[in-house]
Every structure is written in structure tokens, then in C-alpha cells.
Amino acid sequence: MQTPDWGALEAVDGVRLSWNVWPNSRMEAQKCVVPFGALVTPRKVLPEMPVVPYDPIRCKGCAACLNPYARVDFNAKLWICPFCYTRNHFPQHYASISETNLPAELFPTYTTIEYQLQRPAASPPAYMFVVDVCLIEEELSALKQSLTQALSLLPENASVGLITYGTHVHVHELGFEECPKSYVFRGSKEFTSQQIQDQLFRSTGGARPRPGQQANGAAVTGHQSKFLVPLADCEFQLTSVLEELSRDSFSALPDCRPARCTGTAVAVAATLLASSVSNTPARAMLFVGGPATDGGGQVVGKELETAMRSHKDIAKGAAPFMMKATKYYETVATQLCTNGHCLDVFACSLDQVGLAEMKVCAEKTGGMVVLAESFANTVFKTSFARMFTTEGEDALGVSSGGVFEVITSRDVKTAGCVGPCAALDKKTLPGAIADAPVGSGGTTAWKLCSLSNDTSLAVFFEPANRGDGKDGTQTAPQQQSQQFFLQFVTMCTVPSGETRLRVTTTTRRWTEGANVNDIAAGFDQEAGAALIARQLTWKMETEDEFDCPAATRWLDRSLIRLCQRFGDYRKDDPASFQLMPQFSIYPQFMFNLRRSQFVQVFNNSPDETAYYRMILWRENVLNSLVMIQPTLMAYSFNGPPEPVLLDVCSIAPDRILVLDAYFSVVIFHGQTIAQWRKANYQEQPEHEAFKQLLEAPKADAQEILGRRFPVPRLVDCDQHGSQARFLLAKLNPSATYNSAGMGGGSSDIIFTDDVSLQVFMEHLKRLAVAS
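These numbers come from a predicted model, not from an experiment.

A. Highlighting the overall build of the protein chain. Along its length, the protein chain carries 21 helices and 30 strands. Whereas a compact globule of 771 residues would reach a radius of gyration of roughly 28 Å, the protein chain reaches 28 Å, a difference of no more than 12%. Expressed as lengths along the three principal axes of its C-alpha atoms, the size of the protein chain is roughly 85 × 80 × 60 Å. Long-range pairs, those at least 24 residues apart, make up 72% of the contacts in the protein chain between residues at least 6 apart in sequence.

Encoded structure:
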């Protein structure tokens, strides 16, 4: 039986469900193991989607928008909501509606439609640069160069501000043209929002600006113009300040780290934005090159003999600053979310900077995060420049002030959402919320302070009917063929300043829980793997006892239960085990997930683990799968490039491999190819084919780098070279140092005790068929 192309459905609506046929009770749903959920990309570019210049019609019962699944009575001029069955009358301007004169939202093919809301254009965006000056000269010079370049990419009507921090926090008054002027905050002290406002605004001789105080719908006047100034009015002043920016004048003591008050600087930026441009698009962009050693958000002591916390320290409770710093940043995150602002973090350092503590600010506000080794690194420079690209295929399409809402049929409950969002206290209908939350739960609406065209949210559901009769509900006899409906409503301000509302309505059907084949036919193993990855990492982030061994056991038990449910086998006969085609590569995804950097924290710092999980929580199904199970392409003289197994047996001396592991792209030259390249055969006219063979993988790797954000790290290495480890770490170890064939022939071997996929599958079959 051929499995449906679930990716084609995603291309139409930007929605992908793990299960497309649902059992009609919660008890039967739990037996399916993989969570029932949807991965939604609210701002996905959909070429066929209509955009209409009016406001939507909403149901007076549940606030669902009019959609193609509504039943319409053309004579009585009313429609029945498919979610709550409320009868709604059409407004007066729909009087001419008929079967031959339908509005766009009732067209059967327009399950996703976007409304251009009739609202005033949003204020120009505001950017607050928060710059670390405790860097070495080379790093500070590279950062200043990138910031100066960014000014040429910003729209002229955008407001900009500058805060620099080291031992103290300096808020630069860009509206003061006579000479450079700044307000200074002591870095070692924690300030309340009120204290920050008093210090910044009391010298003006008037009251503080009212949040959102505006003139002609554009820039806020008066007090804001001191610190947040339209770029056209302050470009020369800001450029001069950046050029003259020097290292912190308070140099570090011997054997000590520099005094760096990152947390205080972020708090000052959040309060300044809240006081000046509340509820209008604004970004605080933090550039940090080392750990915070002073003030709020401190993550390590100043003495160099005190090491940064590791995963082992956190597990043993030996990270003395972590809990306090996390609570501090949670307060800042709440302030940013309340005012609709976001925090972008550009962390460029060989050491940790405290990203694990401040991740809540970027997570809740939807801010971008880039982790690199240096401000001179291509990863940072290219990613930062792309933040301001507004046209072309590589444009991120950053929208702001978003609200994402989920409306479900009465027999479906919403458990929660895992993604870059913050929960709003909203419930569409009584009983619409699941008892056990997953991710950010207890609501049916979430705030998205910032989202790009690729931002994806994982929404988890469960059937409302428990199936045991204890909740007083019984499965209706007709529910076997009954449909249920899901509607995703996203309102946000797009880069052009317009307010758009996108409505996606989709339907799936119920079936009897015992009808295993029917349920299995609707399984999307790729979406299922992405949802399991988000659920697992959420549990690891929030549950103290859910460490790496516990997470691996949880994954293994879940996979065994799934195989027992949907496998075809005879009891105690592993050779008879066979999975349905819809589940054929799901065990492989789980094998790679349990080995991935999301689960295994060995050799990763807490900052790196937090970074990897943050990116996983915002990417779509395809990109999530590349993170879990990297793709491997082979280039050789034998034919065009071809995908090969993610296995050590794919290595050959006369072959070039390109590994796309999402965070890094590796070009791996086989031993013979590397020797020919070092002998410069590619420069000889008779070896033109070899030259083309060397160039093809580089061109494909650059194409990957050009379309991805954050930009991956590019590793160019040779077989048996030191950097070959970037490839070997991701390959299935089918040939190791202690295996019988020792790699056999020309293939490589991996020095590891990890089990191979073949051994993993043998154990899985044995445990699944055990009586």
C-alpha cells in the first residue's frame, strides 16, 4: 500500500499532523504512543493562498472564522459553525451571497486564507543594540564593522538605540548632537523598572512618556527621541559613537574574568523599550562575548579558577548561580512579552556566555539566537546581515506582534504548544483544554512577539472522550465516520506594516480504536518523529529527574510499545516481525534521535544544548528531521550526486561526501580524492572532470548555507584528518574497532562502543515480540 504524500498537504496549508485518522477515545489514543499533534507554520509562504482586503466573519459562539466547512443556508442568509454548531447570520454586506456568488472564504479549495485587516499601519520598527565592550580588540573591531554594515541595511524610518555594557551599563543619548552623551548604571546593582525609568527620564523636567504615546502613527516624540531616534536623524551620530567605541576602561584583575553585567544591560534595554515604544514592533539585539560576572543574571564568579557550570554540575546541584539567574531572566522575559518586544541573542565566544539561563527570554519572545565562536566568524556575520534582508528568497520575513489561536471541535482538547511563544489566558469554549499540559498549556491562544516565515509551532491535542464511561460521555455510534475540525488563526504585523490575519481550517476523521489498520494508514512518521523530539526535549528541560538515561529509556519504551501495537509478528519469534510501511523508517528516526545532541549532552556545554533545543523548537518538519537524522550525499565519477546511507560503509577513497547536519555542513574527501587534490590534478587541463567533481559539492554546500538561518558551520575535511570527526560522529557505526570485519575493504571504521542500527533493530524486534 502506497503511503500518502503528507508533505504535499503541508505545502497547501502549512500544517502537518502526526496522525491523520484518530481513534475515538483517549484510552485508544494513548495506545498509539506517538502524540496526537500538529506542526503549524503560521507564516509559511503559500503561493496559491488568496489575500482578501476585508475583515473575517467570526462565529458568535466560539469565535471561529467562516470557512469552507461551514454549512450555509442561502435562503435564510445564515451559516452553521462546524466547531460549535451555532447558527450565525451573515452581515448586511453579504446579502448577495448565493451558490453561484460565494465569498473567497467559502471556496472549497481555500482552506487557508489571509485577511488584510483594515487597521492603521504599524509604527516603524525599533532596534536597540546592546553591545558587550569586554571583548578583545579584534573581536570588538569585527563587531563594530558588522553593526556599521547593519545600519545601511535598516529602513530609514526605523528607530535605533545603543546600549553598551561592561563594568557599567551606558545608555547612549543619540538625540543629543553636541557631543557623545550617555546615562550610566552601576553594573553590580540590580535595578527595578521604576528605578531605571526615573534615572533615564527625570532629568528631562517632565513626566515619563506614556507607553505607546505616538505622533501621526509614526515615531514616538519627546522622551523617546533621546534614546530611540529615527535612523535618518542619527546615522552620523551613531556611526561616530560606534567608531569611537573602545574596550571597557575597567580592565580585569590578574587571573580574573572581566566584570560583565549582561543581565543589567538586558533589563535596562527591556525597560527603555517598554517606556518608549510599548506594543509596537521592537527588538533588543544582544551581542555578548563572554559570561556575566556581575549584577543580575550573573552565571559565574570573576575568579578564573572557578569554571563555568557543566551538565554534571547542574545535575549535582553544584551550579550556584543558575537558579537565581534563570528567575531573573524570566522576569525580563515577562516584561518583554507584555510589551510585545523580543530579545535576539548573538553569542560569540569560545567559552559559555550563560545562554542556558537567558534562553527563556528568546524562547518566550521568539527572538533569534546565533551561537558562534567569534564575531569575525562567517556564521555570525552572515546570519546577522540576513536579519535585515527584506527581499528575495533568503529574506526571513520577520513579523511581529503575533497572536496564534487554536479552535477545535467539541470532541478535541488542546494540551499545549511547544515553540517560541508565550501563553495567553484564553479558552475558546468550556472543556477545550486538556488536563495534562504539554509545553505551554492551559490556554488555546499564544503570543508570538516575533516570528519568521519558517517559524513552526507544535500543538498537542487529545480526544475529549475518555472511552471508559467515567466522564459521562459515550462514543456516538456515528463517530466512526464523523469528521472533526481544527482551525489555526494567526494575526500579526508583517514587515510592510500591514496587519494580517491568516486562517487555516483542516479536517480529519475519527475511527474505532480497535481499527488498527485504519489508524495506521493515517500515520505521518516524519511529523511523528518531529513531535516526539519536541515533547522529549520539553520534558528534559522541565523535569529534573528526566536526564539523559531516563530520556533514552523513555524513547526506547515508547518505540517498543509502538512496535507491539502496529507490528505484525508471532509471539516470541523475532524473525517474523514486520512493521507496516507507514512506520518503516520511524525506528531509524528514533535510533538517531537517541544519539543526537538533543538527548546526549556528553561533549556539549549547557549553552550548546540550550541552543540546539531552541532551534529545534522553531523549525518545520523537514528541518527538524535533518537535525535528528542528517542527510548524506555522495559525489563520484560513477554518476550524478546521489543520497547514500548515513553509515560508515558509505565512506570510500574515490568519493566525496556532503553531510548536512543542519548546524554544520561537512564536505568530506575520500583518501584518494584528497591525494589527487593535494597533487593539484584539478589544475591540469586533462583533468577537467576532476575539477568539476571538486566544485560540485562546494556549490551544493553553499546553496544550503544560503537558505538557512542561522547559517551553518562549513567544515571542509579529508579522510583520516582531524576534522573528519564531524562526519564520523553522525554515521551509523556498522563497522567499529572491535567488529569482525574491521570495516572490511576500503571502508572506514569508527572507534566507538555504541550499538549500530542493525543491532538496535535486532534488540527492538526481540523485545517487541516477547510475550
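Moving on, there is more to tell.
B. Here's a closer look at the packing of aromatic side chains. Enumeration according to the criterion identifies 43 aromatic pairs in this entry. On the basis of an interplanar angle of 75° and a centroid distance of 6.0 Å, the ring pair of W22 and W510 is categorised as edge-to-face. In this pair, W22 is assigned in strand β2 (residues 21-23) and W510 in strand β23 (residues 499-511), connecting sequence segments 488 residues apart. Taking relative accessible area as the criterion, W22 reaches 0% and is therefore assigned buried. Its relative accessible area of 0% is what places W510 among the buried residues. For the pair F637 and W676, a centre-to-centre distance of 6.3 Å together with 40° between the ring planes defines the contact as tilted.

C. Local environment of the pattern of salt bridges. Taken as a whole and judged by the stated rule, the model has 30 salt bridges. In this structure, the salt-bridge partner of R16 is E10, at a minimum N-O distance of 3.5 Å. Looking at R16, the relative accessible area reads 7%, which means it is buried. Between R707 and E703 there is a salt bridge, with its nearest N and O atoms 2.6 Å apart. With R707 and E703 both in helix α19 (residues 688-707) and four residues apart, the pair spans about one turn of that helix. Exposure remark for R707: the relative accessible area of 47% places this residue in the partly exposed category. The structure contains a network of salt bridges with shared partners spanning R43, E114, E498, R500 and R502.

D. Main features of helix α16 (residues 606-616). Burial analysis of α16 places ten of its eleven residues in the buried class, which makes it a mostly covered element. Listed as buried for α16 are P606, D607, T609, A610, Y611, Y612, R613, M614, I615 and L616. Against α8 (311-316), α10 (355-365), β16 (369-372), α13 (525-542) and α17 (621-628) lie the buried residues of α16.

E. Up close: α17. Where burial is concerned, most of α17 is hidden: seven out of the eight residues are buried. Every buried residue of α17 is accounted for by V621, N623, S624, L625, V626, M627 and I628.

F. The sheet that holds strand β6 (residues 78-80), seen in detail. Within the open sheet, the three strands sit side by side as β5-β6-β7. Their pairing is antiparallel. Every interior strand has two partners, whereas the edge strands, β5 (71-73) and β7 (87-89), have only one. Direction aside, neighbouring strands of the sheet carry axes that sit 25° apart on average.

G. Just the nonpolar core, in detail. Judged by nonpolar contacts, the single largest core of 131 residues is most densely connected at W19 and L593. Sorting elements by how many residues they give to this core places α13 first, with nine residues. With residues near it in sequence (within four places) discarded, W19 still touches C32, V34, P35, F36, I519, G522, F523, F566 and F583.

H. Quick look at the pairing of strand β15 (residues 342-348). Most of β15 sits out of view: seven of its seven residues are buried. For strand β14 (residues 282-288) and β15, the ladder comprises six bridges, and the chain directions are parallel. Each residue of the ladder has a partner; that of A284, found in β15, is L343. Relative to β16, β15 is paired through four bridges, and the arrangement is parallel. Residue pairing in the sheet places A347 in a bridge with L371 of β16. Once the chain exits β15 it traverses α10 before rejoining the sheet at β16, and the crossover so formed is right-handed.

I. Quick look at the packing of helix α18 (residues 671-678) against α19. Between α18 and α19, the least distance of the axes is 12 Å, while the angle of their chain directions is 115°. It follows from the interaxial angle that α18 and α19 lie roughly perpendicular. Between α18 and α19 lies a crossing of left-handed hand. Together, I673, W676 and R677 of α18 and F690, L693 and L694 of α19 make up the contact between the two elements. A class-by-class count of the residues in the contact of α18 with α19 yields five nonpolar, no polar and one charged.

J. How the structure looks around the sheet that holds strand β1 (residues 15-17). If you walk across this open sheet you meet the four strands as β1-β3-β21-β18, and the pairing is antiparallel. Because the sheet does not close on itself, it has two edges, and the strands there are β1 and β18 (412-418). Within this sheet the neighbouring strands show an average axis-to-axis angle of 25°, counted without direction. Relative to strand β21 (residues 457-463), β18 is paired through six bridges, and the arrangement is antiparallel. Its bridge partner lying in β21, C417 is registered against V459. In this fold α13 packs onto β1, β3 (36-40), β18 and β21, with an angle of close to 100° to the strand it touches most, β3.

K. Focus on the packing of α10 against α16. Between α10 and α16, whose axes approach to 9 Å, the crossing angle comes to 20°. One element, α10, and the other, α16, form an angle in the roughly parallel class. In the crossing of α10 with α16, the sense of the turn from one axis to the other is right-handed. Contacts between α10 and α16 involve L355, A356, K359, A362 and E363 from the first element and P606, D607, A610, Y611 and M614 from the second. In the contact of α10 with α16, the residues fall into seven nonpolar, no polar and three charged.

L. The arrangement of unusual backbone geometry in detail. Following F709, the chain continues to P710 via a peptide bond in cis, the omega torsion being -10°. Summarising the element assignment, P710 is placed in the loop between α19 and β30 (713-718). Its identity is not glycine, yet A63 carries a phi of approximately 70°, on the positive side. With respect to the helices and strands, A63 occurs in the loop between β4 (51-52) and β5. At Y85, a residue that is not glycine, the phi angle is positive and equals roughly 65°. Tracing the backbone through its elements, the reader meets Y85 in the loop between β6 and β7.

M. Examining the layout of surface pockets more closely. Taken as a whole, the second largest pocket encloses approximately 1,500 Å³ of empty space. Taken together, 45 residues make up the lining of the second largest pocket; nearest its centre are I314, M322, K359, M540 and E541. Those elements giving two or more residues to the lining of the second largest pocket turn out to be α8, α9 (322-338), α10, β18, α13 and α16. Here the lining of the second largest pocket is built from residues that sort into 20 nonpolar, 13 polar and twelve charged.

N. Structural view of the side chain of S624. Mapped onto the elements, S624 comes out in helix α17. Among the polar contacts listed, one links the side chain of S624 to the backbone oxygen of N620, at a separation of 2.8 Å. Once you skip the residues sitting within four places of it in the chain, S624 turns out to touch A530, L616 and E619.

Cut-offs and rules
- Position numbers for residues start from 1 in each chain and track the written sequence from start to end.
- Given that this is a predicted model, residues contribute local features only at a pLDDT of at least 70 and side-chain atom pairs are listed and counted only at 80 or more, while totals for whole chains, interfaces and linings are drawn from all residues.
- Excluded from the side-chain calculation are hydrogens and water; included are all heavy atoms of the structure.
- Helix and strand labels come from DSSP, where a helix needs a run of H or I of at least four residues and a strand needs a run of E of at least two; each type is numbered from the N terminus.
- It is over C-alpha atoms that the radius of gyration is taken, and the globule rule equals 2.2 Å times the number of residues to the power 0.38.
- Whether two residues are in contact is decided by their heavy atoms, any of which lying within 4.5 Å being enough.
- Two rings from Phe, Tyr or Trp (for Trp, the six-membered ring) form a pair when their centres sit within 6.5 Å of each other. Planes less than 30 degrees apart are called stacked, planes more than 60 degrees apart edge-to-face, and all others tilted.
- Accessible area is worked out with a 1.4 Å probe on protein chains only. A residue is then buried under 20% of its type maximum, exposed over 50%, and partly exposed in between.
- Counted as salt bridges are all cases of a side-chain nitrogen of Lys or Arg within 4 Å of a carboxyl oxygen of Asp or Glu.
- Here, any two strands with at least 2 DSSP bridges between them count as paired.
- Inter-axis angles, ranging from 0 to 180 degrees, are taken between N-to-C directions of lines fitted to C-alpha atoms, where helices are fitted over the stretch in contact.
- The set of buried Ala, Val, Leu, Ile, Met, Phe, Trp, Tyr and Cys residues whose side-chain atoms join them within 4.5 Å is what this entry labels a nonpolar core.
- When the strands point away from the viewer, a crossover counts as right-handed if the route from the first strand across the helix to the second turns clockwise.
- By the definition adopted for this analysis, an angle is roughly parallel if under 35 degrees, roughly antiparallel if over 145, roughly perpendicular if from 65 to 115, and oblique otherwise.
- Put simply, a crossing is left-handed when the front helix is turned counterclockwise from the back one by less than a right angle, and right-handed when it is turned clockwise.
- All amino acids are sorted into three groups, where Ala, Val, Leu, Ile, Met, Phe, Trp, Tyr, Cys and Pro are nonpolar, Asp, Glu, Lys and Arg are charged, and the leftover types, Gly among them, are polar.
- Buriedness of a pocket was judged along seven lines, with at least five required to meet protein on both sides within 12 Å; pockets are open sets of points on a 1 Å grid over the protein atoms alone, cavities are sets where a 1.4 Å probe fits but cannot get out, and lining residues have an atom within 4 Å of a point.
- Grid points are joined across faces, edges and corners, and a volume is the space filled by probe spheres set on the points.
- Here a polar contact is recorded for every N or O atom pair within 3.5 Å, except that within protein the pair must consist of a potential hydrogen donor and a potential acceptor, and residues adjacent in sequence are included only if both atoms are side-chain atoms.

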